[in-house]
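Below are the chains, spelled out letter by letter.
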Amino acid sequence: MEEVAYWRKANLIHNWFVENLHNGVDEPNFHQEVTKQNLQVLYRLCIKVLKHKNNTTNEIHPHYILPSRPGCFFGSISYDNYYYHVINETKD
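Please read these numbers as outputs of a predicted model, since none were measured by experiment.

Enquirer: Could you give an account of the pattern of salt bridges, with specific residues and numbers?
Expert: Applying the stated criterion across every chain yields a total of three salt bridges. It is possible to trace a salt-bridge network through shared partners that takes in Glu19, Asp26 and Arg69.

Enquirer: Please give an account of the layout of surface pockets that cites residues and values.
Expert: Gaps left between atoms show up when a probe the size of a water molecule is rolled over them. Its boundaries defined by the atoms lining it, the largest pocket holds a volume of some 1100 Å³. For the largest pocket, the lining is made up of 28 residues, of which Ala5, Tyr6, Trp7, Phe17 and Phe30 are closest to its centre. Elements that contribute at least two residues to the lining of the largest pocket include exactly helix H1 (11-21) and helix H2 (36-51). In terms of residue count, the dominant contributor to the lining of the largest pocket is H1 (four residues).

Enquirer: How would you explain the nonpolar core if you had to name every residue and give the values?
Expert: Judged by nonpolar contacts, the single largest core of 15 residues is most densely connected at Leu12, Ile13, Leu42, Val49, Leu66, Tyr83 and Ile87. At the level of elements, H1, H2 and helix H4 (81-91) are the ones that each hand at least two residues to this core.

Enquirer: Describe the side chain of histidine 22, naming the residues involved and giving the relevant values.
Expert: Tracing the sequence through the fold places histidine 22 in the loop between H1 and H2. By relative accessible area, which is 14% here, histidine 22 ends up buried. Setting aside chain neighbours within four positions, we find histidine 22 in contact with Phe17, Glu27, Phe30 and Gln32.

Definitions and cut-offs
- Residues numbered from 1 in each chain as written.
- Predicted model: local features only at pLDDT ≥ 70, side-chain atom pairs only at ≥ 80, totals over all residues.
- Heavy atoms only, no water.
- Salt bridge = Lys/Arg side-chain N within 4 Å of Asp/Glu carboxyl O.
- 1 Å grid on protein atoms, 1.4 Å probe; cavity = no way out; pocket = protein on both sides within 12 Å on 5 of 7 lines; lining within 4 Å.
- Points joined across faces, edges and corners; volume = space filled by probe spheres on them.
- Helix = DSSP H or I, 4+ residues; strand = E, 2+ residues; numbered from the N terminus.
- Core = buried A, V, L, I, M, F, W, Y, C linked by side-chain atoms within 4.5 Å.
- Buried < 20%, exposed > 50% of the residue type's maximum accessible area, 1.4 Å probe, protein only.
- Contact = heavy atoms within 4.5 Å.

Okay, here's the thing in structure tokens:
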């Protein structure tokens, strides 16, 4: 295994991994293989969120593309500047 990225207080990214790679089961310290194709999907979702940042109609609201996930260690679940900061860091 090789670590290629690390996220801190990025509940939306954690949620994406849980929902897409771990069948919606959020267990502490789960490890899951992530493929290049998985990361490409996540990258495309980040691009989509950034492209529609100012357009919050229902079908393209960030909540439907990369939703936040509440949790005691995750910080804010708002779709605020920090949310978009995490999206930008993930994209990069």
